[in-house]
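Architecture and fold: a report
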Protein chains: 2
Amino acid sequence: MTQLPSSAASIGIDLGGTKCAGVVLDPSGAVVARHRVPTPNGGDAIIAAIVATATGLRNQAHALGLGDIDHLGIGMPGLVTPNGNLRFAPHLFGVTEVPLTEMLRAQFDAAKSPFSVVNIENDNTAAAWAEFTSGAGKGVDDMVYVGFGTGIGGAAVVGGKLQRGRNGFAGELGHMVVDRNGDPCVCGRNGCWELYASGRGLAKLAGRPGPEITAAAHVGDEDAAEILRAFARNVALGLADLVAIYDPEVLVLGGGVMSPPEPLVGFIRTALPLTMGLGAFHRPIPNVVGAGLGGEGGAIGAARLALLI
Amino acid sequence: MTQLPSSAASIGIDLGGTKCAGVVLDPSGAVVARHRVPTPNGGDAIIAAIVATATGLRNQAHALGLGDIDHLGIGMPGLVTPNGNLRFAPHLFGVTEVPLTEMLRAQFDAAKSPFSVVNIENDNTAAAWAEFTSGAGKGVDDMVYVGFGTGIGGAAVVGGKLQRGRNGFAGELGHMVVDRNGDPCVCGRNGCWELYASGRGLAKLAGRPGPEITAAAHVGDEDAAEILRAFARNVALGLADLVAIYDPEVLVLGGGVMSPPEPLVGFIRTALPLTMGLGAFHRPIPNVVGAGLGGEGGAIGAARLALLI
């Protein structure tokens, strides 16, 4: 069930809007090296940043006696096809229809440093896989991971298997409409969940940057906590939809908005049964937990998924 | 993948709000006999109706030379646990926490006509399985079935496997909130999808019974068609959520509201890309089709699932 790929070392990189962060996993799946650079602007610069990060990690792995690492996994926001085309990434850098795997392979070949596997995944798919294999959802056959960052994404494990969907695009959970008369979303719909429950939703609710609120509430500021309680109701609204749809055992909440997890995750745990309505009396309420791997789930999961290719 | 259980004959019964309809499947999985009675009021009367239907079908099977049928499957609305407890069925008859399998077994035993397997499933789960094994979603590994009746329910096949969830309660698709400021739903939430896209939603929109509208539009009444176009937008709103979540290859639309399927299913096909926003440009739009097994999917699927126990 929880098959930790353990045959070889691998490299995983999580390409976010602000940073490009990578890890080396040893053959047991443990993180043994890290490297991160800021995410630059522009497609070519981003490709170069990925290549530099991967090359740096490979050199670190060499120094650690892990030999030539052959598997590279990359997690990134947006719709990624199974053959590594990034089709659409509204929050990243406005690119569409980029054949990323192909472009990366060409760069690595030019640098005479090819990988036998270069596998690109949606960042939340990668994070979900990491949480299922060694994080807060370890071994839980029905688990939904939701990543709360600038927007909201996610991925699910259904009956012990990672859900991918027909085109690899399953889990765009932020674009469930929760208020059909609501404001327009970047995706072109109105009233998507991520307008209310993402980092941007928190900033809008608070009238100041979300990280300020979570940090203040974390150290006991009661005004900030009150804002987070209202925000927690927005989060719980969509989570209750996911309970109705997936009937999961565990909801794992990750992404920058959930860091630090407390007191926000606790507020969400309180809000969830209230918004589930009568369902809360008749069905078990899933565990609501913060991500076990913090900000590293995307890179770890990407590295592990590259070994499964 | 599409494993049609074919070792034995079986009986399937679909218990709806108005009728209790059963089928006999021969060992190849084909329907060879049918029986239906009106659904009575009250728990004991319902149990008796199921027993009478099953017994009648068993006798028909005998007459057809199929011998003693040993597997009985029942599909019914509501939350059904894997061991056959009906926990909650808001649209059926107001019962909660009924140990149905146990009660049925006792009745069959008292009548000296026991089944070795009595398996109860959510009716939409059963219908989804039937559509996947021999209907409109035959062999489609990523398929979502949505049943539009008095309310809305559903079930999905994810990566070739029937999605059940931790407690067997996955697929309560009607209780996604699409308008958080909307009217209260029977489930206790506000603005659930089924308020707008179920049979009751259609009747509310039209100001007269839904079946009148679908029948009139079917024979070319343009006023009725205009109402159905507005209703189709309500349906597409939730379907677009399901596309974002599941990324299915096919959306199969069943239940009384989708019968006859045209022109409504066609209107929904037109409305879906419009409500998907930018996603419609970047991800393939799933096929939208009416159920292939009409009103019999629930009974057929229940019979087939009983053979898998």
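Notes on the structure in this doc start here. From a predicted model like this one, the values you see are computed outputs, not experimental measurements.

Further remarks concern the sheet that holds strand β12 (residues 250–254) of chain A. Residues and elements named next belong to chain A. An order of β11-β10-β9-β12-β13 is seen for the five strands of this open sheet, with the pairing classed as mixed. Each having just a single partner strand, β11 (161–162) and β13 (287–290) make up the two edges of the open sheet. As judged from the two bridges shared by strand β10 (residues 152–158) and β11, these two strands associate in the antiparallel manner. Looking across to β11, one finds that V157 is bridged to L162.

In this section: helix α8 (residues 264–275) of chain A. All names here are of chain A. End to end, α8 covers 16 Å across twelve residues, agreeing with the expected 16 Å (1.5 Å per residue, within 8%). If you check which residues of α8 are buried, you get L264, V265, G266, F267, I268, A271, L272 and T275. The secondary structure elements touched by the buried residues of α8 are α7 (222–246), β12 and β13. One or two steps after α8, the chain reaches G277, where phi turns positive at roughly 70°.

So, on to the relation of the copies chain A and chain B. Each copy superposes on the other: chain A lies on chain B with an RMSD of 0.0 Å after a rotation of 180° and an axial shift of 0.0 Å. As the rotation angle and translation indicate, the two copies are arranged about a two-fold axis. Looking at the interface residues of chain A, 100% of them are also at the interface in chain B, so both copies use one shared face.

Attention now moves to the environment of D14(B). All names here are of chain B. Looking at the secondary structure, you find D14 in strand β1 (residues 10–15). Between the alpha carbons of D14 and A299 there is a distance of 4.6 Å; along the sequence they are 285 residues apart. What D14 contacts, discounting residues up to four positions off in sequence, is K19, C20, A21, G75, D123, G295, G298 and A299.

All names here are of chain B. Among the structural elements, N122 can be located in strand β8 (residues 117–122). Residue classification places N122 among the buried residues on the basis of a relative accessible area of 8%. Among the polar contacts made by the side chain of N122, one reaches the main-chain carbonyl oxygen of G78 at a distance of 2.8 Å. In this structure N122 touches M76, P77, G78, V80 and E172, once residues within four positions along its chain are discounted.

Before going further, it helps to examine the pattern of salt bridges. Applying the stated rule across the entire model yields 18 salt bridges over all chains. Between R166(A) and E249(B) there is a salt bridge whose closest N-O contact spans 3.3 Å. Of the two residues, R166(A) sits in the loop between β11 and α4 (194–197) while E249(B) sits in the loop between α7 (222–246) and β12 (250–254), which places them in two different chains. Since its relative accessible area comes to 25%, E249(B) is described here as partly exposed. A salt bridge links R164(B) to E121(B); the nearest nitrogen and oxygen atoms lie 2.8 Å apart. Taken as a pair, R164(B) in the loop between β11 (161–162) and α4 (194–197) and E121(B) in strand β8 lie far apart in primary sequence, 43 residues in all. When its relative accessible area of 34% is taken as the criterion, R164(B) is described as partly exposed. Linked by salt bridges that have partners in common, E222(A), E226(A) and R229(A) make up one network.

With that settled, the discussion passes to the sheet that holds strand β8 (residues 117–122) of chain A. Residues and elements named next belong to chain A. Spatially, the five strands line up as an open sheet ordered β3-β2-β1-β4-β8, and their pairing is mixed. Each end of this open sheet is capped by a strand with a single partner; those strands are β3 (31–38) and β8. On average, adjacent strands in this sheet sit at an angle of 15° to one another, irrespective of strand direction. Examined bridge by bridge, strand β1 (residues 10–15) and strand β2 (residues 19–25) share six bridges and lie antiparallel to one another. Each residue of the ladder has a partner; that of D14, found in β2, is A21. Where helix α1 (residues 43–63) meets the sheet, it contacts β1, β2, β3 and β4 (71–76), and its direction lies at approximately 150° from that of β1. Sitting on the sheet, helix α2 (residues 100–110) is in contact with β4 and β8, with an inclination near 145° to β8.

Residues and elements named next belong to chain B. When the terminal C-alpha atoms of helix α1 (residues 43–63) are compared, their 31 Å separation across 21 residues agrees well with the 30 Å that a helix rising 1.5 Å per residue should span. Where α1 is concerned, the buried positions are I46, I47, A49, I50, V51, T53, A54, L57, R58 and A61. One or two steps after α1, the chain reaches G65, where phi turns positive at roughly 85°.

Calculation criteria
Residues numbered from 1 in each chain as written. Chains lettered and ligands numbered in written order. Predicted model: local features only at pLDDT ≥ 70, side-chain atom pairs only at ≥ 80, totals over all residues. Heavy atoms only, no water. Pairing = 2+ DSSP bridges. Helix = DSSP H or I, 4+ residues; strand = E, 2+ residues; numbered from the N terminus. Expected span 1.5 Å × (residues − 1). Buried < 20%, exposed > 50% of the residue type's maximum accessible area, 1.4 Å probe, protein only. Contact = heavy atoms within 4.5 Å. Least-squares fit on C-alpha atoms with pLDDT ≥ 70 in both. Polar contact = N/O pair within 3.5 Å; in protein donor to acceptor, adjacent residues only side chain to side chain. Salt bridge = Lys/Arg side-chain N within 4 Å of Asp/Glu carboxyl O. Axes fitted to C-alpha atoms, helices over the stretch in contact; angles between N-to-C directions.

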